[in-house]
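# Understanding the architecture of this molecule
If you want the building blocks of each chain, they are given just below.
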Amino acid sequence: MASGFNFPPSGAPNVNSSTPLRPYYGSPLDSPLQQYYQHTSQLEEELSHHSELNSQEAARELFSYGMIKYLTLAIATPFENAQTLLQVQYLPNDEGASSSSNDDSRAAEERRDEEFRRAQEEVEEEEYFNSGSGSGGYYSSNPRRGASAEDFPASRSNANRLDPSAAVFHERKDIDQSGYLIRADLYDADSRPAFQLAPIEGGVWKTVTDLVKHPTEGWLSLWKGQYTNWVYEILHLFAQPTLEATLNDTFDLYDDTIPLVHLDRFGPNMATMVTSHLVVGLILSPLELVRTRLVVQTADPTQKKYTGMLNCISTIISEEGVSALWGGVNLIPTVLYHILTPLIANSIPLVIDRVFNISASDSPLLFSVAELGLETLDLLIRLPLETVRKRLQIQIQAKIPGKRYETVIETRKRPYAGVIDCVYKIIQEEGGQHKRLSSKKSDDGEVTFVDRPWYGSWGVRGLYTGLGMHLTSNLAMFAVGAVTNLQDEGDDW
């Protein structure tokens, strides 16, 4: 045969070859295309393996972070809950106390009117069906069938007085038609519900101790709403940066991880940052509403309205409507809060660097002093908004009446019309020079009132509840930072 031809080698084909029909190719690595496919398959296997490892590591890190966040919130929750109770507590002055007493009477009368009206409607409906005038005259087995309007208490009645000559009573008390005491004064301990705290006369720590000592509250009351707050913080942590990064990519802006102080044009990045906080804050605002109501309600199992986060959401939807979770009187303070809070917090370094011309690297101590001053200004702006927002959150405007919302501290019975009305009523009713701190009863039965100290006569004091705790925290952080800067300067020398 001609030697110029290459014939396949004799013998059986190479079954180990990747191309058994063409065994004369020899090793599969001799084919560049086969080398590419084999390398690709190996790379895919390695990537899938690393992906599984990365997913497991990410899940472990997420779980660890969630637990650390939960424990961190557990440390701060008792103090935050105490501040919330102080912010929503209603402590009127002399004029406000009489106005509050009238409000209580009017609120009780309105509740009796509503009960009387509903009872009359039931009687009329039963009489209509039992008389055979409607739907074939169905028989009703309601035990209240045949009741008349005389069987129900009058909607508005004059207050009766207990007999002062009775041996069991030492003083006369105003009662309504049903026999319940009418509270003539918020500081009257005899007419205060058993599940409610006395007016809190101190700060955050005093509130914590009062909660622990109260028979229906106890230690567990310090962590009301912690799970709801944890869910809010975790969702906000993932949603806000994701939305901010998406907005920055959409408008082709710098990376959101770059501090605003290092950007020449910080306006667009500031806008996307505030927008992301606002949108996420509005979406998650029902959780803030739920947390406030869970914290303020009593822990007495026979009196509390909500049993948990999901029950609170479902009850609000059934009684007040879905719009109550986002709209109503809570909408404006929620929008203002989620705009001003990130805007002011992220503007402080910009103001110090570009307005005061103070550099953190050149003058760290002076920078810390300026930061402390601006953070104090931030508190003066933000605390009144927080107070107003929390007071509006506990207002229940039920379309379908349900179980009464009983609070662990005294709150204002008459609802506020809005942000401006709330600020005005706090200054008018809870400020003034004659504001009483508490009432004390001597052994002979004489009641005396203790005046508040000089700082308690500020008209706007009710708007700045908890200011002392925040200032103390800021001063502590300033001291730690100042000591650290001095140590760094000493190391440089």
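Note that this is a predicted model, so its numbers are computed, not measured. (Residues numbered from 1 in each chain as written. Predicted model: local features only at pLDDT ≥ 70, side-chain atom pairs only at ≥ 80, totals over all residues. Heavy atoms only, no water.)

In terms of helices and strands, the chain carries eleven helices and four strands. Evaluated residue by residue, the chain yields a buried proportion of 37% over its 493 residues. Only carbon and sulfur atoms are counted for the fraction: they give 59% of the accessible area of the chain, which is about 29,400 Å². (Helix = DSSP H or I, 4+ residues; strand = E, 2+ residues; numbered from the N terminus. Buried < 20%, exposed > 50% of the residue type's maximum accessible area, 1.4 Å probe, protein only. Areas by Shrake-Rupley, 256 points an atom, 1.4 Å probe, with all protein chains shown as cover.)

The end-to-end C-alpha distance of helix α6 (residues 309–320) is 16 Å, a good match for the 16 Å that twelve residues give at a rise of 1.5 Å each. Regarding α6, the residues found buried are M309, C312, T315, I316, E319 and E320. Taken around the axis of α6, the buried residues stretch over an arc of 125°, which confines them to a single face. Buried residues along α6 sit against α4 (226–250), α5 (267–296) and α7 (323–326). (Expected span 1.5 Å × (residues − 1). Arc of directions from axis to C-beta. Contact = heavy atoms within 4.5 Å.)

Position of Q83 among the secondary structure elements: in helix α1 (residues 32–88). In this structure Q83 comes out as buried when scored by relative accessible area, which is 6%. In this view, Q83 contacts L383, E386, T465, G466, M469 and H470; residues no more than four positions away in its chain are not counted.

Further remarks concern a nonpolar patch on the surface. Side chains of L331, I332, L336, L340, L343, L377, L380 and I381 sit close together on the surface and give an oily, nonpolar patch of about 630 Å² of accessible area. Counting only elements with at least two residues in the nonpolar patch, the list comes to α8 (331–355) and α9 (364–393). Looking at the nonpolar patch, the element that brings in the most residues is α8, giving five residues. Its location among the elements puts L340 in helix α8. A relative accessible area of 32% means that L340 is categorised as partly exposed. (Patch = residues over 30% accessible without salt bridge, like charges linked within 9 Å, V, L, I, M, F, W, Y side chains within 5 Å. Salt bridge = Lys/Arg side-chain N within 4 Å of Asp/Glu carboxyl O.)

Tallied over the full model, the rule gives three aromatic pairs. Taken together, a centroid distance of 5.9 Å and an interplanar angle of 35° make the contact between Y227 and W230 tilted. One end of the pair is Y227 and the other is W230, both in helix α4 and three residues apart, which spans about a single turn. On the numbers, 5.8 Å between centres and 50° between planes, the contact of Y306 with Y405 is tilted. Separated by 99 residues along the polypeptide, Y306 in the loop between α5 and α6 and Y405 in the loop between α9 and α10 (419–430) bring together distant segments of the chain. Y306 gets classed as buried once you look at its relative accessible area, which sits at 0%. Its relative accessible area of 13% is what places Y405 among the buried residues. A network of ring pairs unites the aromatic residues Y70, Y227 and W230 as a single cluster. (Phe/Tyr/Trp six-rings, centres within 6.5 Å; stacked < 30°, edge-to-face > 60°.)

What follows deals with the pattern of salt bridges. Here the structure, examined in full by the defined rule, presents 13 salt bridges. Across the salt bridge formed by K305 and E319, the nearest N and O atoms sit 3.0 Å from each other. Placement of the pair is K305 in the loop between α5 and α6 and E319 in helix α6, with a sequence separation of 14 residues. E319 shares its class with K305; the two are buried. Across the pair E386 and R382 runs a salt bridge, and its minimum N-O distance is 3.0 Å. Of the two residues, E386 and R382 both sit in helix α9, four residues apart, roughly one turn of that helix. Take E386: its relative accessible area is 11%, and that puts it in the buried class.

A separate point is the packing of α8 against α9. Two elements in contact, α8 and α9, have axes whose closest approach is 10 Å; the angle formed by their N-to-C orientations is 180°. If you check the angle between α8 and α9, you find them roughly antiparallel. For the pair α8 and α9, the contacting residues are P333, T334, L336, Y337, H338, L340, T341, I344, I348, V351 and I352 in the first and F367, A370, E371, L374, E375, D378, I381, R382, L385, E386, R389 and L392 in the second. Residues that form the contact of α8 with α9 fall into these classes: 14 nonpolar, three polar and six charged. (Axes fitted to C-alpha atoms, helices over the stretch in contact; angles between N-to-C directions. Parallel < 35°, antiparallel > 145°, perpendicular 65-115°, else oblique. Nonpolar A, V, L, I, M, F, W, Y, C, P; charged D, E, K, R; others polar.)

In this structure, the C-alpha to C-alpha distance between W230 and L287, residues 57 residues apart in sequence, is 9.9 Å. Among all residues touching W230, those that are not within four sequence positions of it are G66, K69, Y70 and L73.

Counting 33 residues, the largest nonpolar core has L85, V296, I316 and I409 as the members making the most contacts within it. Mapped by element, the contributors of at least two residues to this core are α1, α3 (204–213), α4, α5, α6 and α7. If you tally residues by element for this core, the top one is α5, at eight residues. Counting seven residues, the second largest nonpolar core, distinct from the first, contains V388, L392, Y416 and V419. (Core = buried A, V, L, I, M, F, W, Y, C linked by side-chain atoms within 4.5 Å.)

Moving on, we come to unusual backbone geometry. One non-glycine residue, D252, lies in the positive phi region at around 55°. Position of D252 relative to the elements: it lies in the loop between α4 and α5. Overall, the relative accessible area of 69% leaves D252 in the exposed class.

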